[in-house]
Amino acid sequence: MSLTAARYDVAAIRAHFPSLARELDGRPIAYLDGPAGTQVPLECIDAIAAYLRTSNANLHGHFATSAETESMLQDVHAAGADFVGATSGEEIAFGANMTTLTFAVSRAIGRTLSPGDEIVVTRLDHDGNVAPWLALEERGAVIRWVEIQPDDCTLDLDGLAAVLGPRTRVVAIGMASNAVGTINPVRRIADMVHTTGARLWVDAVHAAPHLPIDVVSLDADYLVCSPYKFYGPHLGMLWGRRGLLETLPAYKVRPAPDELPGRWETGTQSHEALAGLLGTFRYLEWLGVAQGRATGGQEAADHGRASRMGRAGRLRAALGAIRDYERNMTLALLEGLASISGLAVHGITEPERVDERCPTVGFTMAGHAPAEIAAFLGARGIATWDGDYYAHELIRAIGLAETGGMLRVGLVHYNTVAEIDRLVEALQELAG
Ligand SMILES: Cc1ncc(COP(=O)(O)O)c(C=O)c1O
């Protein structure tokens, strides 16, 4: 066992998540539905309650709670920047969710397009990263598609190269698939995209709970994620290159500031949710110190060293430790599923390719509709998901749109091998 695995204390981690204690028929519910939204730690819950109890206010008032709210907002923007490897909190904008932020930016980009400009989208993505770009057809944009390779549900990069050209303006890709777990080679794609002068939009919603994100090394131009998928409240978060966010013609009310990040944050934000997100970041920092390792792959044997890394380093260490732990769970899950007769996993299955995927696995079972499997598991206290989870094009591309899609098991860092064993046992019972 590696040092990191030895130090990863899942019981200590689970103790931070009160909802994991909820039971059905005397057994804790196994939440294997992370891709739809994760559970939240006490740090988040307490921060929401504390904000509402003591500091609830709007901005720009000449009194203490308003000043406290402004300071909290500055802090959460800075923490969001640390989470994605950005240099300034001003490059972070929060909103209701990823979809709303993506529509806001796509609409603004639409104002800069000329008829015949091209936008590239993929068949692997959640519709939140497709429909806002398709909407630009109204502005005369031409949509180009990147297909998938159905055998392993990876992107056809030759196909991407073929659709890039001098009229390409934006390429919208996902960092990881919410349906089948594929991790895309974002940096490689960025290098391809930037040879054309186009901009790369990265949907990191599914990646954020599983992988460290560094917008600099990814060379993204924009990146979006959703805190409710990485142990925080229901919110969306946008990062963009300062020069782009400052100059794109955002739709905003006239009195709102034209500076960053205000020009992208329409109306009043959910202050309590943003306070909660600061609590989530504090939890992840704890995880980085307690369970983590130093950046650059070196073990942080002493807590002092991790503490001295600063918030960005602690957050990276947390995601590094999570990634290591989840790798082993992914292997255990794929091995367990392979033991069930009539079950077919859609996506990457080879153990030696585990680094190309997240612990999110979509499968079908002969003779059992996905909704039937989800209901069977739900009745046994195992939460999963069925359908297309808005990965609409992917489910069509692999021919499952007419048969109820897939059953999705989505593990996150608080899940355990014991929960995987319980899932596999239940599936064996169903398979007969
Ligand atoms: C990969 C991916 N992108 C985008 C979205 C949409 O996110 P939101 O609910 O924040 O709009 C989701 C939600 O499931 C997702 O999984």
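If you're wondering where the values come from, they're calculated on a predicted model, not measured in any experiment.

Close contact between helix α4 (residues 64-84) and helix α13 (residues 310-338) brings their axes to 8 Å; oriented N to C, the two are set at 50 degrees. Between α4 and α13, the interaxial angle falls into the category oblique. Of the two elements, α4 crosses α13, and the hand of that crossing is right-handed. Side by side, α4 and α13 meet where Ala79, Asp82 and Phe83 of the first sit next to Arg311, Ala312 and Leu315 of the second.

So, about the domain arrangement of the chain. The domains assigned to the chain are domain 1 (3-31 + 318-431) and domain 2 (46-277). Once you take the C-alpha centre of each, domain 1 and domain 2 turn out to be 27 Å apart. Domain 1 puts 26 residues into the contact, and the matching count from domain 2 is 23 residues. Looking at the side of domain 1 that touches domain 2, the elements that each hand over two or more residues are α13, β14 (360-365), α15 (392-397) and β17 (406-410). Its residues assigned to classes, the side of domain 1 that touches domain 2 comprises 14 nonpolar, 6 polar and 6 charged.

With that settled, consider the nonpolar core. Most often, soluble globular proteins have nonpolar side chains that are buried together. Ranked by internal contacts, the top residues of the largest apolar core, which has 121 residues, are Val202, Ala204, Leu223 and Val224. When residues of this core are assigned to their parent elements, the largest contribution, 11 residues, is made by α13. Counting residues domain by domain, this core receives three or more from each of domain 1 (3-31 + 318-431) and domain 2 (46-277). Dropping the residues within four chain positions of it, alanine 204 is found in contact with Met175, Ile213, Leu223, Val224 and Cys225.

Conventions we followed
- Residues numbered from 1 in each chain as written.
- Predicted model: local features only at pLDDT ≥ 70, side-chain atom pairs only at ≥ 80, totals over all residues.
- Axes fitted to C-alpha atoms, helices over the stretch in contact; angles between N-to-C directions.
- Helix = DSSP H or I, 4+ residues; strand = E, 2+ residues; numbered from the N terminus.
- Parallel < 35°, antiparallel > 145°, perpendicular 65-115°, else oblique.
- Left-handed = near helix turned anticlockwise from the far one by under 90°.
- Contact = placed C-beta atoms within 7 Å.
- Domains from an automatic or database assignment.
- Nonpolar A, V, L, I, M, F, W, Y, C, P; charged D, E, K, R; others polar.
- Core = buried A, V, L, I, M, F, W, Y, C linked by C-beta atoms within 7 Å.
- Buried ≥ 20, exposed ≤ 12 C-beta atoms within 10 Å, placed from the backbone.

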